[in-house]
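One-letter residues, chain by chain:
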Amino acid sequence: MGRRKLREEIFKLLFERELIDNDMDVRLTEVLSENNITKEEDIEFMREYIKNVSEHKKSIEDKIKSKLVGWSFDRLGTVEKTLLKMSFYEITEAGTGHEIVINETVELAKKYGEDKTPDFINGILADLVS
């Protein structure tokens, strides 16, 4: 499975986690099974990604808050919070190329967000990498 699809499944898991406090290990196992994700590299990518976003939650949120102009973190919708946490993690913690992260995050924003979500996300990420 491609990284884009894996990121989308990670987004869904992290989005769900924002709404309800569930057992992420159980949910990850269910998602792996439901999507027939069996390649060890893909499983490890998802497991490490989710673990690291959770472990670095405070520092990631602090970095997001520092880039919000005219917005408070608490006012953001769940889609926006989740997408920003993912993209900030990948750019600032995992060292993934920002072009890839911004592109894939904006695509997820188009699919799951409101009409203005892609532009909002793109603007914050552009500020992050400038």
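Predicted, not measured: the structure shown is a model, and the values here were computed from it.

Calculation criteria
Residues numbered from 1 in each chain as written. Predicted model: local features only at pLDDT ≥ 70, side-chain atom pairs only at ≥ 80, totals over all residues. Heavy atoms only, no water. Helix = DSSP H or I, 4+ residues; strand = E, 2+ residues; numbered from the N terminus. Rg over C-alpha atoms; globule rule 2.2 N^0.38 Å. Buried < 20%, exposed > 50% of the residue type's maximum accessible area, 1.4 Å probe, protein only. Contact = heavy atoms within 4.5 Å. Areas by Shrake-Rupley, 256 points an atom, 1.4 Å probe, with all protein chains shown as cover. Lys, Arg positive; Asp, Glu negative; His and termini not counted. Charge placed at Lys NZ, Arg CZ, Asp CG, Glu CD. Phe/Tyr/Trp six-rings, centres within 6.5 Å; stacked < 30°, edge-to-face > 60°. Salt bridge = Lys/Arg side-chain N within 4 Å of Asp/Glu carboxyl O. Expected span 1.5 Å × (residues − 1). Arc of directions from axis to C-beta.

Draft legend 1. Focus on the overall build of the protein chain. In terms of regular secondary structure, the protein chain is built from seven helices and zero strands. For the protein chain, the N- to C-terminal ordering of α and β elements is α-α-α-α-α-α-α. A compact globule built from 130 residues should have a C-alpha radius of gyration of about 14 Å, and the protein chain, at 14 Å, falls within 12% of that. If you line up the protein chain on its principal axes, its C-alpha atoms span 40 × 30 × 30 Å. Residues classed as buried in the protein chain amount to 44% of the 130 residues present. Partitioning the intrachain contacts of the protein chain with sequence separation of at least 6 by distance along the chain shows that 67% fall at a separation of at least 24. Split by element, the accessible area of the protein chain, about 7,200 Å² in all, is 48% carbon and sulfur. A distance of 3 Å separates the average location of the 21 positive side-chain charges in the protein chain from that of its 28 negative side-chain charges.

Draft legend 2. Structural detail: the environment of phenylalanine 11. Positionally, phenylalanine 11 belongs in helix α1 (residues 3-19). Expressed as a C-alpha distance, the spacing of phenylalanine 11 and valine 129, which sit 118 residues apart in the sequence, is 21 Å. Those residues within four positions of phenylalanine 11 in sequence are excluded, and the remaining contacts are Val79, Thr82, Leu83, Met86, Leu108 and Tyr112.

Draft legend 3. Seen up close, the packing of aromatic side chains. Applying the stated rule across the entire model yields five aromatic pairs. Judged by centre distance (5.8 Å) and plane angle (35°), the ring pair of phenylalanine 11 and phenylalanine 15 falls under tilted. Here the residue phenylalanine 11 and the residue phenylalanine 15 both occupy positions in helix α1, the gap between them amounting to four residues, near one helical turn. Residue phenylalanine 11 is classed as buried on the basis of its relative accessible area, which comes to 2%. Take phenylalanine 15: its relative accessible area is 26%, and that puts it in the partly exposed class. Ring centres of phenylalanine 11 and tyrosine 112 lie 5.0 Å apart, and the angle between their planes is 40°; this geometry places the pair in the tilted category.

Draft legend 4. Broad picture of the pattern of salt bridges. Using the criterion set out here, one finds 17 salt bridges in the structure. The closest approach of N and O atoms between lysine 110 and glutamate 107, which form a salt bridge, is 3.3 Å. Taken together, the residues span about one helical turn, with lysine 110 and glutamate 107 both in helix α6 (residues 98-112) at a distance of three residues. Taken together, the shared-partner salt bridges connect Arg4, Arg7, Glu90 and Glu104 into one network.

Draft legend 5. Molecular detail of helix α7 (residues 117-129). Over its 13 residues, α7 runs 18 Å from end to end, which matches the ideal 18 Å to within 8%, given 1.5 Å per residue. Looking at α7, one finds that the buried residues are Thr117, Pro118, Phe120, Ile121, Ile124, Leu125 and Leu128. An end-on view of α7 places all buried positions within 165° of arc, on one side of the element. Those residues of α7 hidden inside the fold are in contact with α4 (57-67), α5 (78-94) and α6.

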